[in-house]
Amino acid sequence: MEEEKITVSVVVPVYQTPLELLRRCLDSLEAQTLEGVEVLLAFDEPADGYRDTVAPYAQRMALRVLELPHGGVSAARNAGIRHAQGEWISFVDADDWIDPEMLARQVQEGESRGADIIMTEHVMEYGASSQPRGYQSQAMLFAGEDKRRFECDVLKPQTGAGFVTAKLLRRALLMEREIFFREELSAAEELLLLLPPQPASMEAHRVSAKRVERTFFMVMTFLLHFLVCPFSLPYGIHDIHAM
């Protein structure tokens with residue numbers, strides 16, 4: 001029997017995540033309408049306390065557990081990148097969740113427009129309230145000189161452009177250019193994904209926010225829910241760099 005093609009590898013770093021939040025994250029990944037999704041749970045700690053929670057999901061979906069020595073979120077994400085088999089890579093934090101159509105819509109836009117990076121809007125979840133965060137007033141493509149404007153916006157936290165979550169990246173872009181998270185950093189690790197030296201957005205031919213052609217494309221809908229709580233702090237802001 002021919003193995004199912006893996007379209008997207010979802011890397012989920014796990015560290016001291018409450019089980020109910022991890023279940024919600026996994027429920028949202030299991031509910032994806034896209035076929036060919038694999039989930040890589042990169043445990044930045046012993047996984048013993050999570051096994052009973054994870055086991056039922058592993059029976060129903062393509063899920064692999066990576067149990068790693070404690071090295072921080074960047075090391076966990078890098079392990080996920082290296083073990084990923086999909087054409088695309090998505091990063092979802094263990095206390096966040098995504099809408100069922102998110103990966104399908106991102107892949108559709110990326111393939112149809114030839115983009116290397118696809119970004120969607122996100123919702124900041126504060127428990128009793130939700131705050132949608134939009135980057136642009138309309139979907140758009142960033143290519144050539146336009147990418148410089150996007151890179152400036154990465155430094156503005158209110159735009160959400162600097163988060164590695166809510167983005168879909170071609171795995172070939174990361175592997176061929178040897179772009180990985182810098183494991184020595186404990187804060188702002190995500191920013192170097194899109195900022196010099198040799199960030200992914202510079203290597204990508206085009207970056208879009210709803211149109212793409214080997215660049216960055218932005219989809220104008222709120223598809224990722226980012227939980228704002230103390231559990232997010234150890235894995236809050238991360239950064240990638242060519243190693």
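Our subject is the structure that appears above.
Residues numbered from 1 in each chain as written. Predicted model: local features only at pLDDT ≥ 70, side-chain atom pairs only at ≥ 80, totals over all residues. Heavy atoms only, no water.

1. Regarding the overall build of the protein chain
Logical step 1: Counting its regular elements, the protein chain contains seven helices and 13 strands.
Logical step 2: Put simply, the protein chain has 243 residues, and 58% of those count as buried.
Logical step 3: The contacts in the protein chain between residues at least 6 apart in sequence include a share of 79% that link residues at least 24 apart. (Helix = DSSP H or I, 4+ residues; strand = E, 2+ residues; numbered from the N terminus. Buried < 20%, exposed > 50% of the residue type's maximum accessible area, 1.4 Å probe, protein only. Contact = heavy atoms within 4.5 Å.)

2. Details of the packing of aromatic side chains
Logical step 1: For the structure shown, the criterion picks out two aromatic pairs.
Logical step 2: Between Phe 43 and Tyr 50, the aromatic rings sit 4.9 Å apart at their centres with planes inclined by 45 degrees, giving tilted as the arrangement. Each member of the pair, Phe 43 as well as Tyr 50, is classed as buried.
Logical step 3: On the numbers, 5.4 Å between centres and 90 degrees between planes, the contact of Phe 91 with Phe 181 is edge-to-face. Here Phe 91 is found in strand β4 (residues 88–91), whereas its partner Phe 181 is found in strand β10 (residues 179–181), with 90 residues between them in sequence.
Logical step 4: Judged by its relative accessible area of 0%, Phe 91 is buried.
Logical step 5: If you follow Arg 60 out to its NZ or CZ, it ends over the ring of Tyr 57, 4.9 Å from the centre.
Logical step 6: Seen from the ring of Phe 180, Arg 82 lies directly overhead, with NZ or CZ sitting 4.2 Å from the centre. (Phe/Tyr/Trp six-rings, centres within 6.5 Å; stacked < 30°, edge-to-face > 60°. Lys NZ or Arg CZ within 6 Å of the ring centre and 35° of its normal.)

3. A closer look at the nonpolar core
Logical step 1: Ranked by size, the top nonpolar core spans 33 residues in total, and within it Val 12, Leu 29 and Leu 41 carry the most contacts.
Logical step 2: Of all elements in the fold, only β1 (8–14), α1 (19–30), β2 (37–43), α2 (51–60), α4 (102–113), β6 (117–125) and β12 (216–227) reach the threshold of two or more residues within this core.
Logical step 3: Of all hydrophobic cores here, the second largest spans 14 residues; its members include Val 11, Ile 81, Leu 173 and Ile 179. (Core = buried A, V, L, I, M, F, W, Y, C linked by side-chain atoms within 4.5 Å.)

4. So, α4
Logical step 1: With 12 residues, α4 extends 17 Å between its outermost C-alpha atoms, agreeing within 8% with the 16 Å of an ideal straight helix rising 1.5 Å per residue.
Logical step 2: Residues of α4 that are buried: Met 102, Leu 103, Gln 106, Val 107, Glu 109 and Gly 110. Taken end-on, α4 shows its buried residues confined to a sector of 165 degrees, consistent with a single buried face. Residues of α4 that are exposed and point more than 90 degrees away from the buried face comprise Gln 108 and Ser 112. (Expected span 1.5 Å × (residues − 1). Arc of directions from axis to C-beta.)

5. Details of the pattern of salt bridges
Two side chains of opposite charge can pair, provided their charged atoms sit close to one another.
Logical step 1: With the rule as written, the count across this model stands at seven salt bridges.
Logical step 2: In this structure, Arg 51 engages Asp 48 in a salt bridge whose closest nitrogen and oxygen atoms are separated by 3.2 Å.
Logical step 3: Arg 51 sits in the partly exposed class, given a relative accessible area of 40%.
Logical step 4: Since its relative accessible area comes to 55%, Asp 48 is described here as exposed.
Logical step 5: Ionic pairing is found between Glu 67 and Arg 51, a salt bridge with its closest N-O pair at 2.8 Å. (Salt bridge = Lys/Arg side-chain N within 4 Å of Asp/Glu carboxyl O.)

6. Re unusual backbone geometry
Logical step 1: Phi angles above zero are rare outside glycine, and Gln 16 is one such case at about 50 degrees.
Logical step 2: Structurally, Gln 16 can be placed in the loop between β1 and α1.

7. Considering the pairing of β1
Logical step 1: Across the seven residues of β1, seven count as buried, placing the element largely inside the fold.
Logical step 2: Residues Val 8, Val 10, Val 12 and Val 14 line one face of β1 and the alternating positions Ser 9, Val 11 and Pro 13 line the opposite face, and both faces are buried.
Logical step 3: As defined by bridge partners, β1 adjoins β2 across seven bridges and the pair is classed as parallel. Across the sheet, residue Val 8 finds its bridge partner in β2, namely Val 37.
Logical step 4: Of the crossover connections in this fold, the one passing from β1 over α1 to the parallel β2 is right-handed. (Pairing = 2+ DSSP bridges. Right-handed = clockwise from strand over helix to strand, strands pointing away.)

8. Section: the pairing of β2
Logical step 1: Most of β2 is tucked away, with seven of its seven residues classed as buried.
Logical step 2: The alternating pattern of β2 places Val 37, Val 39, Leu 41 and Phe 43 on one face and Glu 38, Leu 40 and Ala 42 on the opposite face, and all of these are buried.
Logical step 3: Pairing analysis gives six bridges linking β2 to strand β3 (residues 62–67), with the strands arranged parallel. Of the residues in β3, the one forming a bridge with Glu 38 is Ala 62.
Logical step 4: Tracing the backbone out of β2, into α2 and back to the parallel element β3 gives a crossover that is right-handed.

9. Some words on the environment of Arg 64
Logical step 1: Summarising the element assignment, Arg 64 is placed in strand β3.
Logical step 2: For Arg 64, a relative accessible area of 27% puts it in the partly exposed group.
Logical step 3: Expressed as a C-alpha distance, the spacing of Arg 64 and Ala 42, which sit 22 residues apart in the sequence, is 8.5 Å.
Logical step 4: Apart from the residues within four sequence positions on either side, Arg 64 is in contact with Glu 38, Val 39, Leu 40, Leu 41, His 83, Ala 84 and Gln 85.
Logical step 5: Among the polar contacts made by the side chain of Arg 64, one reaches the main-chain carbonyl oxygen of His 83 at a distance of 2.7 Å. (Polar contact = N/O pair within 3.5 Å; in protein donor to acceptor, adjacent residues only side chain to side chain.)

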